[in-house]
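Residue-level listing of the chains:
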Amino acid sequence: MEVLIGGYTMKQSQGIYELSFNSSHKPAQLEEARNIIKVSGPTYFQISKKLLFTIDKPNDKEGGISSYKLIDGRYEKQDHFYTPGSSPAYLGINSKEKLLYTANYHTGVLSIFKYDEQGKLNLLTSITHTAQTLGPRPEQIDGAHPHFFDQTPAGNLVSCDLGNDSVDFYQADKTNKLKHLATYKNEAGFGSRHLVFSNDGQYFYVTGELSSKVNVVKFNEQDWSFENIATYSTIPEDWKQHNGAAAIKISSDGQFIYISNRGNDSIVVFQIQDDHTLRLVQRVSTFGSFPRDFNWDESEKYVVVANQTTDNATLYSRNSETGCLTVMQKNIRVPEGTRVLFKK
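An unreviewed UniProt entry lists the chain under the name Lactonase family protein, from Candidatus Lactobacillus pullistercoris. The Sequence similarities (unreviewed entry) field of the UniProt record for the chain holds the comment "Belongs to the cycloisomerase 2 family."

Trainee: Describe the pattern of salt bridges, and please don't skip the residues or the numbers.
Mentor: Counted under the stated rule, the structure contains 12 salt bridges. Across the salt bridge formed by Glu 18 and Lys 343, the nearest N and O atoms sit 4.0 Å from each other. Remark: Lys 343 occurs in strand 29 (residues 337–343) and Glu 18 occurs in strand 2 (residues 15–22); sequence separation between them is 325 residues. The pair formed by Glu 18 and Lys 343 is uniform in burial state, with each residue classed as buried. Across the salt bridge formed by Asp 293 and Lys 249, the nearest N and O atoms sit 3.6 Å from each other. Here Asp 293 is found in strand 25 (residues 291–296), whereas its partner Lys 249 is found in strand 21 (residues 244–250), with 44 residues between them in sequence. In this structure Asp 293 comes out as buried when scored by relative accessible area, which is 2%. Connected through salt bridges with shared partners, the residues Glu 18, Arg 34 and Lys 343 form a single ionic network.

Trainee: Explain the sheet that holds strand 22 (residues 256–262) to me, using residue names and the numbers behind them.
Mentor: Strand order across the open sheet formed by four strands is 21-22-23-24, with antiparallel pairing between neighbours. Each edge of the open sheet carries a strand with a single partner, namely strand 21 and strand 24 (278–285). Averaged over neighbouring strand pairs, the angle between their axes works out to 20° when direction is ignored. For strand 23 (residues 266–272) and strand 24, the ladder comprises seven bridges, and the chain directions are antiparallel. Residue Gln 271 lies in a different strand from strand 24, and its bridge partner there is Arg 279.

Conventions adopted
Residues numbered from 1 in each chain as written. Predicted model: local features only at pLDDT ≥ 70, side-chain atom pairs only at ≥ 80, totals over all residues. Heavy atoms only, no water. UniProt positions renumbered as here; feature names shortened; annotations may be inferred. Salt bridge = Lys/Arg side-chain N within 4 Å of Asp/Glu carboxyl O. Helix = DSSP H or I, 4+ residues; strand = E, 2+ residues; numbered from the N terminus. Buried < 20%, exposed > 50% of the residue type's maximum accessible area, 1.4 Å probe, protein only. Pairing = 2+ DSSP bridges. Axes fitted to C-alpha atoms, helices over the stretch in contact; angles between N-to-C directions.

Now the structure itself:
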């Protein structure tokens, strides 16, 4: 099993790195990182079988996504789609329908792509998020900033917009045109970033990057009704320095929520109660600075977090009963990491 980590390429990074994961070693450990794909700015990527799709920033004038295919043990570039300006911040995937979803934080553009078995990319549709009711914080006053675009439990699409403090729902019709269905507004200054859904599809948990909070929301994908259940801080009450909440994951059993804190440099763990309120279980150091992303293996027994500004990663074991993380390996060298994926 391998772990892939990619991120910015502004210092020493050359793209996407692979770290062999030796779970038979006692204790389990990650081996030395090696560069397997030379690509500029792979801050987010997805894998489907032998295909890998990644954010790509080839030069100062344009950005987009690129596709790679694993051929004879090496990833070879298959296609790309670039547009003028910045590259997207998020890349989602629907492997069954062979669809990709991108959210561009800087341009406000949401896009859907179709791909084939060879990784050929075809843009199906794009729309631009516009200013609705912008939040009051400095990061929000210049416009919409969608940071997430992916599927809902019922097969619709959802975007988190940091600029508008909103979660927006869409439907793609037969011509692939996006129809806006509903909007849920977070509190002003929340900075909606990423979300996950409960296993029953009746709740979502959305992180606020600017507020360092997580909001629990009950919703109905039939009548688009929303109920604000509760909101919780991801950082300690006495934390006065800057922090930005980032990645959020939900365990496959639907029992635990995990969120990374950039600034407090921690992963916070919440247990989901029967009424879907949250109980703080743990806040554990990432042993580095600016942890934008983390992920787990298929068994969810091991977790890896990448620390962007200190060029290192940390490996934990995860207790499925308590949800708690225990550090196993620190100071694993990997440059500018912002995205983590386990690969079988």
